[in-house]
Amino acid sequence: MRVVLLRRSKQLVLVLLSVFGLWLGVIVMNGKLPSHHVSLVFNQKTDDSFPANAGTEKYLPEKSITTLETEQTQRKKLAKEVCTLSQKKPNLDSVIKDRVLLDHIIVDEEHRLLYCYVPKVACTNWKRLLMVLMGKANTTNPLAIVADDSHRLNVFRRLDNYTGEEIRYRLDHFMKFMFIRHPFERLVSAFRNKFGQNSSSADYFRSRYGRQIIKQYRTNASEESLSRGHDVTFREFVQYIIDPRTVARANFNEHWRPMVDLCLPCTIQYNVIGKYESLMDDAWLVLEKANLNQKVSFPRSDRPSSTNSLVEEYTKHLTREELLHLYHIYEMDFRLFDYHSPGFD
């Protein structure tokens, strides 16, 4: 009798253990672990959703910081020399009085940064990065932010929103930086982006500018071209820019307005003037000087720009006279930032 009872007890224990094992398995599958295990699972999920290095892999320049600082000293020295010789050098009082001139300078109060953005010079990625820094995005990966979201009007506060006294304080105490690009390369990039791509932005530019350009500079234009503005040529675009009737640069769209008019480097002394050609190195320097390299990294693009190789292909269709006129529109950009013009150097 005792033997039978012992056998049945062992069987019961095995059954109970089996049931308990099945129950525990169901709980694990449904994520209903005790609270201290829940936090571990949640944290792992969070890490998978926002990997620390997604789009923000740490970049280290091959050049030393001393070399990068020396390059900055040379750039700023040249800019100062050209500005000194220039007749067009607005003083700060007149700039503050006409605050609209400061509408391209983004203010980051927490990190004490002033960034003057120049369209077609990596400004989308800089805006994305600032959104992450300023807590304006629910991601730590700048490249996860939709480009259009970074360009919305109310995302950032601009320097023109401040009083004169507040503007002076920030110009004196915040770190100021801008990025530049070869003027003709930037112009080709703007043309290709705003007139050649299939996007809502390009549709707007073709309607707003394309139709007008074709009407003014194309003889015997078709009805379709006049109504859609979809097939503007680069030469027609240049003719529009150099036309005395439209050469009032302050009225240029920001995508082809000269960089000196957007950022006023003869009035504002920038701490860093970065170049598109050395984008990653100069972006690293900005973040290093702002003590932010441990928090964020400037995102690297998977597709390097090929615009530089296309500049001569586009400008070769211009006459020498047109090329000279175009150079004069952007002459201060060329001289101030040490660029050379193709075709007649």
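In the nomenclature of an unreviewed UniProt entry, the protein is known as Carbohydrate sulfotransferase of Daphnia magna. What UniProt states about the protein under its Subcellular location (unreviewed entry) heading is, verbatim, "Golgi apparatus membrane". Quoted verbatim from the Sequence similarities (unreviewed entry) field of UniProt, the annotation for the protein is "Belongs to the sulfotransferase 2 family."

Caption draft 1: Quick look at the packing of helix H11 (residues 234-242) against helix H15 (residues 320-329). Following both chains from N to C, one finds H11 and H15 inclined at 55°, their axes separated by 10 Å at the closest point. When the axis of H11 is compared with that of H15, the two are oblique. Here H11 and H15 pass one another in a crossing that is left-handed. Facing H11, whose interface residues are Arg 235, Val 238, Gln 239, Ile 241 and Ile 242, H15 presents Glu 322, His 325, Leu 326 and Ile 329. Here the residues of the contact of H11 with H15 are counted per class, giving 5 nonpolar, 2 polar and 2 charged.

Caption draft 2: Spatial organisation of the state of the cysteines. Using the criterion set out here, one finds 2 disulfides in the structure. Across a sulfur-sulfur distance of 2.0 Å, Cys 83 and Cys 266 are joined as a disulfide pair. One disulfide, between Cys 83 and Cys 266, carries an S-S torsion of -85° and so falls in the left-handed class. Pair noted here: Cys 83 is in helix H3 (residues 65-85) and Cys 266 is in the loop between helix H12 (259-263) and strand E5 (272-275), with a separation of 183 residues, a long-range link. Looking at Cys 83, the relative accessible area reads 4%, which means it is buried. Note on Cys 266: relative accessible area 11%, which makes it buried. One disulfide bridge connects Cys 116 with Cys 263, the sulfur atoms lying 1.9 Å from each other. When the S-S torsion is -95°, as for the bridge of Cys 116 with Cys 263, the disulfide is left-handed. Here Cys 116, found in strand E2 (residues 113-116), pairs with Cys 263, found in helix H12; they are 147 residues apart in sequence, far enough to count as distant.

Caption draft 3: Structural view of the sheet that holds E2. On the basis of which strands lie adjacent, the open sheet formed by 5 strands has the order E3-E1-E2-E4-E5 and mixed pairing. Among the strands making up the open sheet, the edge pair consists of strand E3 (157-158) and E5. In this structure, strand E1 (residues 105-108) lies alongside E2, joined through 4 bridges in antiparallel fashion. Within E2, the position partnered with Val 107 by the bridge is Leu 114. In this fold helix H13 (residues 279-289) packs onto strand E4 (175-180) and E5, with an angle of close to 175° to the strand it touches most, E4.

Caption draft 4: Region of the structure containing the packing of aromatic side chains. Considering all chains together, one arrives at 24 aromatic pairs under this definition. The ring of Tyr 162 has Arg 157 sitting right over it, with the charged end atom 4.0 Å from the ring centre.

Definitions and cut-offs
- Residues numbered from 1 in each chain as written.
- Predicted model: local features only at pLDDT ≥ 70, side-chain atom pairs only at ≥ 80, totals over all residues.
- Heavy atoms only, no water.
- UniProt positions renumbered as here; feature names shortened; annotations may be inferred.
- Axes fitted to C-alpha atoms, helices over the stretch in contact; angles between N-to-C directions.
- Helix = DSSP H or I, 4+ residues; strand = E, 2+ residues; numbered from the N terminus.
- Parallel < 35°, antiparallel > 145°, perpendicular 65-115°, else oblique.
- Left-handed = near helix turned anticlockwise from the far one by under 90°.
- Contact = heavy atoms within 4.5 Å.
- Nonpolar A, V, L, I, M, F, W, Y, C, P; charged D, E, K, R; others polar.
- Disulfide = S-S within 2.5 Å.
- Buried < 20%, exposed > 50% of the residue type's maximum accessible area, 1.4 Å probe, protein only.
- Pairing = 2+ DSSP bridges.
- Phe/Tyr/Trp six-rings, centres within 6.5 Å; stacked < 30°, edge-to-face > 60°.
- Lys NZ or Arg CZ within 6 Å of the ring centre and 35° of its normal.

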